[in-house]
Amino acid sequence: MIPIIRTDFSHHIADLHQTNQKTDDPQILATLSQIRHDIIAKGDAALIGYTQKFDRIDPKTFSLSVSDEEREAAYHQVPTEFIVAIKRAATNIETFHKAQRPKDWEKTSSAGITYGLRYTPIPKVGLYVPGGKAVYPSSILMTAIPAQLAGVEECILVTPPGPDGTLAPAILVTADILGIKSIYKVGGAQAIFALATGTATLPKVDKIVGPGNIYVTMAKQMVYGQVDIDKPAGPSEVLVYIQDPAYAAFAAADLLCQLEHDPLAVAIAISENETTLQAIQEEITRQLPLLKRQEILAASLKNTALFLSPDLQTSYTLINEVAAEHLVIMTDHPKDILTHVKHAGSVFLGTHTPVTLGDYMAGPNHVLPTGGTARFASPLGVMDFMKYHSYLHYPEKELLACQDELKILTEIEGLDAHFAAVEIRLK
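Each residue is numbered by its place in its chain's sequence as written, counting from 1. Where totals are concerned, whole chains, interfaces and linings use all residues; where local detail is concerned, this predicted model gives features only for residues with pLDDT of at least 70, and gives and counts side-chain atom pairs only at 80 or more. Hydrogens and waters are ignored; side-chain quantities use all the structure's heavy atoms.

Turning our attention to helix 9 (residues 214–223). Residues of helix 9 that are buried: V216, T217, M218, A219, K220 and V223. Pairs of residues are marked as contacts when any of their non-hydrogen atoms sit within 4.5 Å. Where helices and strands are cited, they refer to DSSP runs of H or I of at least four residues and of E of at least two residues respectively, numbered from the N terminus. Tucked into the core, helix 9 has its buried residues touching helix 2 (26–42), strand 4 (124–128), helix 8 (188–197), strand 7 (207–209) and strand 8 (228–229). A side-chain oxygen of the first residue of helix 9 lies 3.0 Å from the backbone nitrogen of Y215; this N-cap is N213. Downstream of helix 9 by one or two residues, G225 has phi in the positive range, about 105°. With a 1.4 Å probe rolled over the protein chains alone, any residue whose accessible area is under 20% of its type maximum counts as buried; one over 50% counts as exposed, and the rest are partly exposed. Nitrogen and oxygen atoms within 3.5 Å of one another constitute a polar contact, given that in protein one can donate a hydrogen and the other can accept it, and given that sequence-neighbouring residues count only through two side-chain atoms.

Salt bridge criterion: a side-chain nitrogen from Lys or Arg within 4 Å of a carboxyl oxygen from Asp or Glu. Applying the stated criterion to the full structure yields 12 salt bridges. For the salt bridge of D176 with R71, the shortest nitrogen-to-oxygen distance reads 3.9 Å. Taken as a pair, D176 in helix 7 (residues 169–177) and R71 in helix 4 (residues 68–74) lie far apart in primary sequence, 105 residues in all. An identical accessibility class is assigned to D176 and R71; each is buried.

A word on unusual backbone geometry. With the exception of glycine, the majority of residues adopt a negative phi angle, and the majority of peptide bonds are in the trans configuration. Here D8, not a glycine, exhibits a phi torsion of approximately 55°, which is positive. When you line up the elements, D8 lands in the loop between strand 1 (4–5) and helix 1 (9–19). Given a relative accessible area of 49%, D8 falls into the partly exposed group. Phi is positive for R56, which is not a glycine, with a value near 65°. By the element assignment, R56 lies in the loop between helix 3 (44–55) and helix 4.

Our focus in this paragraph is the packing of helix 5 (residues 80–98) against helix 7. Where helix 5 meets helix 7, the closest approach of the two axes is 11 Å, and the angle between their N-to-C directions is 45°. By the criterion of interaxial angle, the relationship of helix 5 to helix 7 is oblique. Here helix 5 and helix 7 pass one another in a crossing that is right-handed. Taking contact as the criterion, the partners of F82, I83, I86 and K87 in helix 5 are, on helix 7, A170, V173, T174 and I177. Polar here means any residue outside two lists: the nonpolar Ala, Val, Leu, Ile, Met, Phe, Trp, Tyr, Cys and Pro, and the charged Asp, Glu, Lys and Arg; Gly therefore counts as polar. Its residues placed into classes, the contact of helix 5 with helix 7 shows 6 nonpolar, 1 polar and 1 charged. Axis definition: a line fitted to C-alpha atoms, over the contacting stretch in the case of helices. Angles run 0 to 180 degrees between N-to-C directions. With respect to orientation, any angle under 35 degrees is reported as roughly parallel, any angle over 145 as roughly antiparallel, any angle of 65 to 115 as roughly perpendicular, and every other angle as oblique. Left-handed describes a crossing whose near helix is turned anticlockwise from the far helix by less than a right angle; the clockwise case is right-handed.

Turning our attention to the sheet that holds strand 14 (residues 386–393). Only strands that DSSP links by at least two bridges are regarded as paired with each other. With respect to topology, 3 strands assemble into an open sheet ordered 2-3-14, the strand pairing being antiparallel. If you trace the sheet from one side to the other, it starts and ends with strand 2 (105–108) and strand 14, each paired once. The sheet shows a mean angle of 15° between the axes of neighbouring strands, taken without regard to direction. One ladder, built from 8 bridges, connects strand 3 (residues 114–121) with strand 14; its direction is antiparallel.

Reading across the sheet, the 6 strands line up as 1-11-10-9-12-13 and stay open at both edges, with parallel pairing between neighbours. The outermost strands of the open sheet, each flanked by one partner alone, are strand 1 and strand 13 (346–349). Bridge count between strand 12 (residues 326–330) and strand 13: 4 bridges; the pairing is parallel. Among the inter-strand pairings, V328 is bridged to a residue of strand 13, identified as F348. Packed on one face of the sheet, helix 10 (residues 248–259) meets strand 9 (237–242), strand 10 (266–271), strand 11 (304–308) and strand 12 and runs near 170° to strand 9.

Counting residues in hydrophobic clusters, the biggest one holds 42 residues, and the most contacted among them are I140, L141, L178, I180, I183 and F385. For this core, the secondary-structure elements that each account for two or more residues are helix 5, strand 3, strand 4, helix 6 (137–150), strand 5 (154–159) and helix 7. In terms of residue count, helix 6 provides more of this core than any other element does, 8 residues in total. Sequence-distant contacts of I183, that is, excluding residues within four places in its chain, are made with L64, S65, V66, R71, L157, L167, L172 and A175. We call a set of buried residues a nonpolar core when its members are Ala, Val, Leu, Ile, Met, Phe, Trp, Tyr or Cys and they connect through side-chain atoms within 4.5 Å of each other. One finds Y50, V158, F193 and M218 within the second-largest nonpolar core, a separate group that totals 31 residues.

Okay, the packing of aromatic side chains next. Centres within 6.5 Å make a pair out of two Phe, Tyr or Trp rings, where for Trp the six-membered ring is used; the pair is then stacked when the planes are under 30 degrees apart, edge-to-face when over 60, and tilted otherwise. What the rule picks out here adds up to 5 aromatic pairs. An angle of 10° between the planes, with centres 5.9 Å apart, marks the rings of Y50 and F54 as stacked. Taken together, the positions of Y50 and F54, both in helix 3 and 4 residues apart, correspond to about one turn of that helix. Take Y50: its relative accessible area is 11%, and that puts it in the buried class. Here, a charge over a ring is recorded when the distance from Lys NZ or Arg CZ to the ring centre is within 6 Å and its angle to the ring normal is within 35 degrees. In this arrangement the basic side chain of K407 is found over the ring face of F419, its NZ or CZ atom lying 5.7 Å from the centre.

Checked against the element boundaries, T276 lands in helix 11 (residues 274–287). Overall, T276 belongs to the buried group, its relative accessible area being 0%. Here T276 is in contact with I242, Q243, D244, P245, A248 and S271, once residues within four sequence places are set aside.

Here the focus is helix 13 (residues 312–322). Among all positions of helix 13, only S315, Y316, L318, I319, N320 and V322 are buried. The N-cap residue of helix 13 is D311: its side-chain oxygen and the backbone nitrogen of Q313 are 3.2 Å apart.

With that settled, the discussion passes to the environment of L338. Mapped onto the elements of the fold, L338 is located in helix 14 (residues 334–338). Through-space distance from the C-alpha of L338 to that of F348 is 9.6 Å; in sequence the pair is 10 residues apart. Sequence-distant contacts of L338, that is, excluding residues within four places in its chain, are made with I329, V347 and L349.

Okay, a nonpolar patch on the surface next. The patches reported here contain residues having more than 30% relative accessible area and no salt bridge. Joining distances are 9 Å for like charges and 5 Å for nonpolar side chains (Val, Leu, Ile, Met, Phe, Trp, Tyr). Note on areas: these come from Shrake-Rupley sampling with a 1.4 Å probe, and a residue is covered only by the protein chains present in the view. Together, W105, Y115, L392 and Y394 make up a nonpolar patch on the protein surface, roughly 420 Å² of accessible area in all. Turning to its location among the elements, Y394 is positioned in the loop between strand 14 and helix 16 (396–401). By relative accessible area, Y394 is classed as partly exposed at 39%.

In structure tokens form, the structure reads like this:
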């Protein structure tokens, strides 16, 4: 039975965040350092060696690249209904993310000073799609579509193969529908290091995005600076705010649907009504045996908490302190609560908006900040695949007008060459 917590909420929140932020394990770092060294030194040979070790492929028949024949064959291995569903999801995700595209701007003052911003895409991006525990075509949609809308020239997709050396047909079909031609059968930290440095087969990229396990997350942090990365992604988490016990079954289902992702996944429910939390306990007990991923759920349920808040104001404080990846406001008037939310990755409003919609279909991105990082981070979006530069033009008379101030400021900082660059123009 999941306990109901009545006091010391901050201590429990800190423990849950700690669970989601363990990215400094010295043994993992040592393993990653060795993998990185091998990828840099041996390239494709090391990639195939680690794929044989971790994914159990036969190196004699294995190819890192996906062939046209594999791509075409995949269409015969997925149901037509899947193709229809993935196209509908892609349309929704594209519609949502189109609204994020920024516009260049320029202004000119009456004195003739011109300044502005220009947005340009990151040229080449690596999309990491996890495998192992499940197949995630939705992760292709969530990373590739905003990249394409940003104008990225080439998306390179990497994902771990099965022991037979192939990729799941759903992965290949989704990538093909989106027009992704560069697909490689490699996962784990070795894929991250290969994308960051390049090998004979895998091209070097400018940025790597996409969720993964602790090894992938730490590898991405190790190559940051050599390439850009998205925010570090920890195990999935969900926070459900609920008042009415009539919706306890919905709340329990949303908690369980995130807990099935990973043994380290985190789930929290907050209510001012103890009867509601007790009803959630009962619903989890009822629904749990009906689900398939029992081993994962048994582990992740240990990271679950039910907070009995003394009042509404405390609930607002707890919602923002948790700063959850997914926040479900399960009330009849959710926007009344939303106005008090400062920190969350993605918010789901009302009683008929399950997190599942955001994970797959509705449009908002499912690559989200975890472990409380929603305090300062945002969902993956179009701007993650763009950068901007400013530009400036000054007429001579306007440079002359501010030379005295420039002289004072450069002298204060002891940078006389800076003022000399001004003075030489005005002489």
